[in-house]
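So the chains spell out like this:
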Amino acid sequence: MPIVSRSVGGQRRGTVLILVAGICALLASLSLAFMITMRAAAEESRALVCDAQARIMLYAACNYIQEASRLGYDNGPDHGEAHGWIDVRDGSEGPKINLGDPPRFARGVPRRFPMYVWQQTRYAIRPTTAYNPISTDEADDSRFGRPYLANPDPQPVATEFSSASSTGQVRDHLHGDALITPGRDPVGTPRWNSVNLSWFRILRVDQARFLVTCGAGQTQGFRSFQEASTDLGADAASQLFGDADMFTQFRDQEVRAWYQVEWSPAVIGGINNTTDGGIIGAEHFIMLPENASHQYYPGGVASQSNSRNMVGTIRWIQRLTTEPAAW
Amino acid sequence: MRSHRTIGFTLIEMLIAIALGVIIITTCAAGFRVASQSISVANRLALENTLMRSGYFAAVTEADYWESFDDPNAMPAPATSLRGSAPLTYNGVATARGMAFTPMNQMGFTCAAPTGTEADRGWDGAYQWPASDPRSWYHGQIPEFMHNIDGKFGFYEVFTHLNSAPNLSSTALVQSANLVAYGVASPLHTWLPNQLEGMKNALGYYGLYDYFPANTFFGYYGHGDWGDQSLSHEWANPDAPNTATPNGSQFKLSGFSQGYDYATVNGRNNNTNAVSFPIVPASGFTDFRTDTLPVADLVGRNHSSWVTNTYHAAGTSAGVSGFLGNALVRTPLMESRPAYWPALHVQVARYANQCRFATLCRITWRSPLTGATAEASFTVLSTTLRGARQQRHQSGGWATWTNSTSDPILRTTDATLDSP
């Protein structure tokens, strides 16, 4: 009987099997460790990204508070502007266009601002690098090598913008993809991959003081499923968040931070205004804002971008150490 | 019948098997080595990423809570801390000076019962400085300023003054500017000058900039070189950069940009145009070990600026190097880390420059194996000094702020650093 020879062949095959299995196990364990490490790193990175997004919301909220002190209330033909959260005319509570009007942003009523990117923003321009390239066509003697500024720069995304017959396109250009509803702020169509990432929420707590909640996550700034149901309707809330338990999961996964912020009607005067340089120079009344893209320089022209910041400043910010009762 | 079949290997079989085995083992070893190296690299990068993340969170947490500058849980405060105060003498006048985290009531600069009139003194945290309130207006005319005398913003001292009954009969100034001697006057506006003076003394220069509105002109008449008819040089007459001075370029609130003879009352922009006004912490993690300074020295440095926008003093104690040595807190994280882990430091500096309040965060990690150093720097919008002071309880710990649905105003029942 070939018992011996079968036994030897079996030993060979078994050895190879053990070797192969061992190497595979080794590689598998290394791969598993690698993937676990990467997975953990990705989870930790997600926390960092969410924190950064929530902090960006603080910038957005402060910008909103500044601009809403004057802008955004022009629904009528008079193109009115408000005059600050504390009305600069008489110290009453604003913002309002006419003295005696009620404030357009009430105390104690929170407002949510889920943030996203529009498909096409207002005043979108084409990402064209050079609208007027110098011609390299030697056959065209009239244009070759000449830096003609034949085309406007920049140009809107809306086609035939300058055409008299393109009223619709002009409107598209001015409004982007906003859904214009009379009496309401326009709402743009969000890019699908920019929704449910971050939001801020503002509760006006005093004349010029605000409780800003900054968030990064999927709750869109709702405190609870109940609040979402009340605000959006039960069906819409269910479509967005499923049910109360799922909303709680969303809430637990997101980053939230609370800040107290005070707005000031004071705007910064700039370099060399109403001081020595401004008196000597020609730009006595030019105010260079804090964040001007143009720098003052002797003999320079103060352009539109050097105009003064007209929407107030953020006077102080306080991160709250605990969640307040109402926000 | 007994089989004669061999059970061993032939030499050829052995040679081929050995050759194939060597090839297989070499390939496996090489593959394993590459896999190990890849995983080692990935782990090292993951470790560095973890350190970067840790550094980021440490930096932004510091940005929001200012614990490198004042640790509310380390109470009572150390002998040298930003909660202290000391008298400083300027222009022959000694005044008690505080720093960024000195309680207002320790400096006597609180307003327990505000009336909303010019007679109020001290800090009222509830007041929101409406633009319609004439108290907060600047009463002066800077274009009228006169060179080489101390009537720096027009001769309006009869209208606005630090003192309620100033003597405006200075012979020297009247003759110099061909003015009329008013005698003892009763200026209508005394609130704003006293707010400026009180805040400067209570919190130092950075605190003064932080607490006052963006459009503030920093200057007023009172206790100047010509008595009631001039303003102190501390407000409007910059010194030349003094590279020999260890604690900053000047003990003044003025920038250098206007030249020394042309100096006048400035806004925050001009004052911070050429120099930086930092908060100098009492920290063992600054290059100059500012935690070992006498309190009066630390107070002096928090009433100083450094020349940071020019080259001539860059390497001096009055320039960037002095600024960084005083102001940059370089906190090590994980000091007891494994020896082969990178060294991680988080640096946060707070200063006013070019009209901005900068919170400069810098994360640095250095490999002990290669010596390679990398860093990430960023600034972040976060809690301001006033916010940080409101976060803190006077006697240590954090103040709790909350509200209710019926009363949305955020309040605290704890005594903060700004409370009376």
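Given the structure is predicted, the values throughout are model-derived calculations rather than measurements.

For the rest of this paragraph, the subject is a nonpolar patch on the surface. Residues and elements named next belong to chain B. A surface patch of nonpolar side chains, about 1,100 Å² in accessible area, is lined by Phe9, Leu11, Ile12, Met14, Leu15, Ile16, Ile18, Leu20, Val22, Ile23 and Ile24. On the secondary structure map, isoleucine 23 appears in helix α1 (residues 11–65). With a relative accessible area of 52%, isoleucine 23 lands in the exposed category.

What follows concerns the confidence of the model for chain B. In this model, chain B carries a mean pLDDT of 85, and residues with pLDDT of at least 70 account for 87%. Averaged pLDDT values over the elements of chain B bottom out at 58 in helix α2 (residues 171–177) of chain B and peak at 97 in helix α8 (residues 385–391) of chain B.

Another point: the interface of chain B and chain A. Each side of the interface is counted separately: chain B has 69 residues, and chain A has 70 residues. A buried area of about 5,400 Å², summed over both sides, lies between chain B and chain A, and 59% of it is on carbon and sulfur atoms. When residues of chain B are sorted by the area they lose upon contact with chain A, Arg53(B), Gln128(B) and Leu381(B) head the list and together hold 14% of the total. If you look at where chain B meets chain A, you find 3 salt bridges. Summed over the shared surface of chain B and chain A, the number is 22 residue pairs in polar contact (both at pLDDT 80 or more). Of all elements in the fold, only α1, α3 (191–211), α5 (268–271), α8 and β15 (401–402) of chain B reach the threshold of two or more residues within the side of chain B that touches chain A. Residue contributions to the side of chain B that touches chain A peak at 14 residues, all from α1(B). Per-class residue counts for the side of chain B that touches chain A are 37 nonpolar, 25 polar and 7 charged.

What follows deals with the state of the cysteines. What the rule picks out here adds up to 0 disulfides over all chains. Here Cys24(A) stays free of any disulfide, with the sulfur of Cys28(B) as its closest cysteine sulfur at 9.4 Å. No disulfide involves Cys50(A); its sulfur sits 13 Å from that of Cys214(A), the nearest cysteine.

All names here are of chain B. With 58 residues, the main nonpolar core has Phe101, Met199, Phe212 and Trp235 as its most contacted residues. Here this core takes 11 residues from α3, the largest share from any one element. Phenylalanine 101 has contacts with Trp66, Phe69, Asp70, Leu82, Arg83, Leu385, Ala388, Arg389, Arg392 and Leu417, leaving out every residue within four places of it along the chain.

Residues and elements named next belong to chain B. Here glutamate 48 is to be found in helix α1. Glutamate 48 gets classed as buried once you look at its relative accessible area, which sits at 18%. Look past the residues within four positions of glutamate 48 in its chain and what remains in contact with it is Pro342 and Trp365.

Before going further, it helps to spend a moment on the sheet that holds strand β2 (residues 198–204) of chain A. Residues and elements named next belong to chain A. The sheet built from 5 strands is open, its strands ordered β1-β2-β3-β4-β5 with antiparallel pairing. Among the strands making up the open sheet, the edge pair consists of β1 (111–115) and β5 (313–319). Direction aside, the axes of adjacent strands within the sheet are offset by 25 degrees on average. As judged from the 5 bridges shared by β1 and β2, these two strands associate in the antiparallel manner. Bridging from a neighbouring strand, arginine 112 pairs with arginine 201 of β2.

Comment: phi is negative for the bulk of residues other than glycine, and the bulk of peptide bonds are trans. Here the amide bond leading from Gly94(A) into Pro95(A) is cis, since omega sits at 0 degrees, within 30 degrees of zero. Tracing the backbone through its elements, the reader meets Pro95(A) in the loop between α1 (3–68) and β1. The amide bond that connects Asp153(A) to the next residue, Pro154(A), takes the cis arrangement and shows omega of 5 degrees. Looking at the secondary structure, you find Pro154(A) in the loop between β1 and α2 (167–175). We note that Trp129(B) has phi near 50 degrees; this positive angle belongs to a residue other than glycine. Relative to the assigned elements, Trp129(B) resides in the loop between β2 (93–98) and β3 (167–168).

On to the confidence of the model for chain A. Residues and elements named next belong to chain A. Averaged over all residues, the pLDDT of chain A is 80; the fraction at 70 or higher stands at 74%. Below pLDDT 50 for its whole length, residues 160–166 participates in 6 contacts with residues either more than four positions away or in separate chains. This stretch, residues 270–307, has a pLDDT under 50; its non-local contacts, to residues over four places away or in other chains, come to 68 contacts.

Let us now look at the packing of aromatic side chains. Scanning the entire structure with this criterion turns up 28 aromatic pairs over all chains. Here Trp129(B) and Trp191(B) contribute two aromatic rings whose centre-to-centre distance is 5.0 Å and whose plane-to-plane angle is 50 degrees, an arrangement assigned as tilted. One end of the pair, Trp129(B), is in the loop between β2 and β3; the other, Trp191(B), is in helix α3, with 62 residues separating them in the sequence. Neither residue differs from the other here; Trp129(B) and Trp191(B) are each classed as buried. Grouped by ring-pair contacts, the aromatic residues Tyr64(A), Trp85(A), Phe105(A), Phe113(A), Phe200(A) and Phe210(A) constitute a single cluster. A cation sits over an aromatic face here: Arg135(B) above Trp191(B), 4.1 Å from the ring centre.

Conventions we followed
- Residues numbered from 1 in each chain as written.
- Chains lettered and ligands numbered in written order.
- Predicted model: local features only at pLDDT ≥ 70, side-chain atom pairs only at ≥ 80, totals over all residues.
- Heavy atoms only, no water.
- Patch = residues over 30% accessible without salt bridge, like charges linked within 9 Å, V, L, I, M, F, W, Y side chains within 5 Å.
- Areas by Shrake-Rupley, 256 points an atom, 1.4 Å probe, with all protein chains shown as cover.
- Salt bridge = Lys/Arg side-chain N within 4 Å of Asp/Glu carboxyl O.
- Helix = DSSP H or I, 4+ residues; strand = E, 2+ residues; numbered from the N terminus.
- Buried < 20%, exposed > 50% of the residue type's maximum accessible area, 1.4 Å probe, protein only.
- pLDDT = per-residue confidence, 0-100.
- Contact = heavy atoms within 4.5 Å.
- Buried area = accessible area lost by both parts, 1.4 Å probe.
- Polar contact = N/O pair within 3.5 Å; in protein donor to acceptor, adjacent residues only side chain to side chain.
- Nonpolar A, V, L, I, M, F, W, Y, C, P; charged D, E, K, R; others polar.
- Disulfide = S-S within 2.5 Å.
- Core = buried A, V, L, I, M, F, W, Y, C linked by side-chain atoms within 4.5 Å.
- Pairing = 2+ DSSP bridges.
- Axes fitted to C-alpha atoms, helices over the stretch in contact; angles between N-to-C directions.
- Phe/Tyr/Trp six-rings, centres within 6.5 Å; stacked < 30°, edge-to-face > 60°.
- Lys NZ or Arg CZ within 6 Å of the ring centre and 35° of its normal.

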